Amino acid sequence: MVQLSNGIRNMNRDLVRAITQEEIETFREDGVVCLRGMFDPEWCDRLRDAADTIPGNYSGRAFLWPFYEPFRELVFDSPAGEIAATLMGSETLGIMIDICFIKDPHSTSLTPWHHDQPYYQMQGKQVCGMWIGLDKCDASNGAVEWIKGSHKWDRMFEPDPFDGTGHFESVHDGRERILDIDADRDNYDIVMFETEPGDCIVDYATILHAAGDNTTDTPRRAITYALFGDDARFLEIPPSRGVEDTRELGLKTGDRFPPDHELAPRIWPKRPRETWPSPKEWAYTEGAEGDFVAVQPDAVDRLGSS
Ligand SMILES: O=C(O)CCC(=O)C(=O)O
């Protein structure tokens, strides 16, 4: 790893190149776009090393930026914020959560078809995800597939559990059961990107996507962000679907996110390091399905009573 003499690591903190108009149009039309080589190898080396130290299972390593310096720098001092803000046409960008998805070698951690919106405590046209690959990724180790245009369907699907056990029992109001996409694949415009470390995929929160098993001998590691732009507002969501349950954001439906929110802070435009929030009194705990999740101290009680 390259270290500058002042101890500052030499990762690309800014865009390596401008985002093109064509990429913006692809993102808005298809709902997803793959941008190559946006995070240089040093980011990936550092993040892989950090990822390997975090306890948890496939989807259980979440809300990492308050605790792990490499994840913190990636959030507040990498091109991630500018990339997403540019694609969504937003002046500002905030982060709701970061998750490190690790598909272990020869693991059958199938990711069912879902969209991310039902997990998110936010609504708006400028709400997206960003998937940053830390390993080479293709169909053999669980590259994500996307249904182009599904962000415009104006439908909301109840997610299924991420462990292949079928459906959650209940379907919340305003949602429907996810369609059996794999039984009808020819009817959908499905795209998969084969990626190198440092490539990133940006997707609207309403686009449907899924990923297969890792059939290889090496782990497949990726970081996902939930991001929001100017028009996003807080939204109460039904409990019991995601790690978001463990966080009390202190907002009510329709509220804007304050730029200095301790748990969902603004990351673009960039802010000086001394203003990066440090959420306090949090702990990692074993969650309901063996996940390790970062929780506020009273969250276990809250979850228990929900
Ligand atoms: O990378 C994965 O395994 C899953 C990604 C995903 O579902 C997401 O980013 O929402």
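Throughout this document, residue positions are counted from 1 along each chain, in the order its sequence is written. Local features in a predicted model are, by the rule used here, given only for residues with pLDDT of at least 70; side-chain atom pairs are given and counted only at 80 or more, and totals for whole chains, interfaces and linings are based on all residues.

> Talk me through the sheet that holds strand β1 (residues 32-35); I want residue IDs and the actual numbers.
Here, a strand pair is defined by DSSP locating no fewer than two bridges between the strands. Helix and strand definitions here come from DSSP, where helices need a minimum of 4 consecutive H or I residues and strands a minimum of 2 consecutive E residues; each element is numbered from the N-terminal end. With antiparallel pairing, the 6 strands of this open sheet are ordered in space as β1-β10-β5-β12-β2-β14. Each of the sheet's edge strands pairs with one partner strand only, and the pair in question is β1 and β14 (266-268). Between one strand and the next, the sheet's axes are offset by a mean angle of 30 degrees, whatever the strand orientation. With 2 bridges joining them, strand β2 (residues 93-103) and β14 adopt antiparallel strand pairing. The residue of β14 that forms the bridge with L93 is W268. Every angle, taken between N-to-C directions, lies between 0 and 180 degrees, and every axis is a line fitted to C-alpha atoms, over only the stretch in contact when it is a helix.

> Pulling in residues and values, what's your account of the site of the ligand?
Close to the ligand lie F101, K103, T111, D116, G129, W131, G142, V144, H209, A211, A222 and T224, which account for all nearby residues. Counting only elements with at least two residues in the shell around the ligand, the list comes to β2, β5 (127-133), β11 (209-211) and β12 (220-228). In terms of residue class, the shell around the ligand is built from 5 nonpolar, 5 polar and 2 charged. Each residue receives a C-beta atom built from its backbone; the residue is near a molecule or strand if that atom lies within 6 Å of it. Here the nonpolar group is Ala, Val, Leu, Ile, Met, Phe, Trp, Tyr, Cys and Pro; Asp, Glu, Lys and Arg are the charged ones; every other residue, Gly included, is treated as polar.

> An account of the environment of H114 is needed here, citing residue identities and associated values.
Turning to its location among the elements, H114 is positioned in strand β3 (residues 111-114). Residues H114 and I178, 64 residues apart in the sequence, show an inter-C-alpha distance of 7.1 Å. Every residue in contact with H114, bar those within four places of it in the chain, is listed here: F157, P159, D160, I178 and L208. Placing C-beta atoms from the backbone, we regard two residues as in contact once those atoms come within 7 Å.

> Which residues make up unusual backbone geometry, and what are the values?
Note that the residue after W268, namely P269, is joined by a cis bond; omega there is -5 degrees. By the secondary structure assignment, P269 is in the loop between β14 and β15 (283-286). Despite not being glycine, F63 shows a phi value in the positive range, around 55 degrees. Note on placement: F63 falls in the loop between α2 (41-51) and α3 (69-76). Between the buried cut of 20 or more and the exposed cut of 12 or fewer other C-beta atoms within 10 Å of a residue's own C-beta lies the partly exposed class, and all C-beta atoms are placed from the backbone. When the 22 C-beta atoms within 10 Å are taken as the criterion, F63 is described as buried. Located in the positive-phi region is D154, a residue other than glycine, with phi close to 60 degrees. On the secondary structure map, D154 appears in the loop between β6 (144-147) and β7 (157-158).

Honestly, it's all geometry; don't read function into it.
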